[in-house]
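# A closer look at the structure
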Amino acid sequence: MNPRFTLSILSSLVAAVALAGCASYPAGNRAAAKLEPTRGSTTTGTVTFVQTGGGVQVSGEIRGLKPGAEHGFHIHEKGDCSSGDGMSTGGHFNPGGKAHGHHGMGDHHTGDLPSLKADANGVATFHFESSTIRVGGTDNNIVGRGLIVHRDPDDYKTQPTGNAGPRLACAVIAAQ
Ligand code: CU
Ligand code: ZN
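A brief structural summary.

Rules used throughout
Residues numbered from 1 in each chain as written. Chains lettered and ligands numbered in written order. Predicted model: local features only at pLDDT ≥ 70, side-chain atom pairs only at ≥ 80, totals over all residues. Heavy atoms only, no water. Donors = N, O, S within 2.8 Å, 3.2 Å for Na, K, Ca; no water. Helix = DSSP H or I, 4+ residues; strand = E, 2+ residues; numbered from the N terminus. Buried < 20%, exposed > 50% of the residue type's maximum accessible area, 1.4 Å probe, protein only. Pairing = 2+ DSSP bridges.

### Regarding the coordination of the copper ion (ligand 1)
Bound to the copper ion (ligand 1) are the protein donor atoms His74 (ND1), His76 (NE2) and His150 (NE2), situated 1.9 to 2.0 Å from the metal. In primary-sequence terms, the residues that donate to the copper ion (ligand 1) follow H-x1-H-x73-H. Of this pair, histidine 76 sits in strand E5 (residues 73–76) while histidine 150 is found in strand E8 (residues 146–150), placing the two residues 74 residues apart along the sequence. The class of histidine 76 is buried, set by a relative accessible area of 0%.

### A few points about the pairing of strand E2 (residues 44–51)
Taken together, the 6 bridges between strand E1 (residues 30–37) and E2 define a ladder with antiparallel strand orientation. Within the sheet, the bridge partner assigned to alanine 31 lies in E2 and is phenylalanine 49. Taking the residues that link successive antiparallel strands as the turn, the E1-E2 hairpin has 6 residues, and the phi of glycine 40 there is positive, at about 85°. Two strands pair when backbone bridges link them, and E2 and strand E3 (residues 56–63) are joined in this way by 8 bridges, in the antiparallel orientation. Each bridged residue has a counterpart across the sheet, and for valine 47 the counterpart in E3 is glycine 60. The antiparallel pairing of E2 with E3 creates a hairpin that spans 4 residues between the two strands, and glycine 55 there sits at a positive phi of about 160°.

Okay, here's the thing in structure tokens:
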């Protein structure tokens, strides 16, 4: 094929994808996190965050989990996965200075998300709405923070971590 023609098809495709991405929500209100395995882990995944009128729509698919098990899932303070074990993301994102707890119930960190539930194949597919976090703005803005999948279930009461064990996957939440 004529290389110039190929290029023109490619740029039309890129334009179409960009338009589709912006059709529903204004720019700056979407973010995504690409989870990479920590050392010794095979957990991967992608999570998207879309700010709407009612809250943030959070959707994702995470693989390489323990089949049938629950896994703690949090936004952590720092968008830094450089340590290789997820520890460089620091503690749970907690701008309100609250205790650790359940997402959307009573006292909880801004970064406390609903736990992941893996199916028989070790895959967690989920969608939930959050009125705790925000994409953009100043208060509770999750852009630039870390996202962590833990090995163990969150007990929702051990302070300040939920006792969810080692960190299986890490991502930086990036604006889209
Ligand atoms: Cu965590
Ligand atoms: Zn917490």
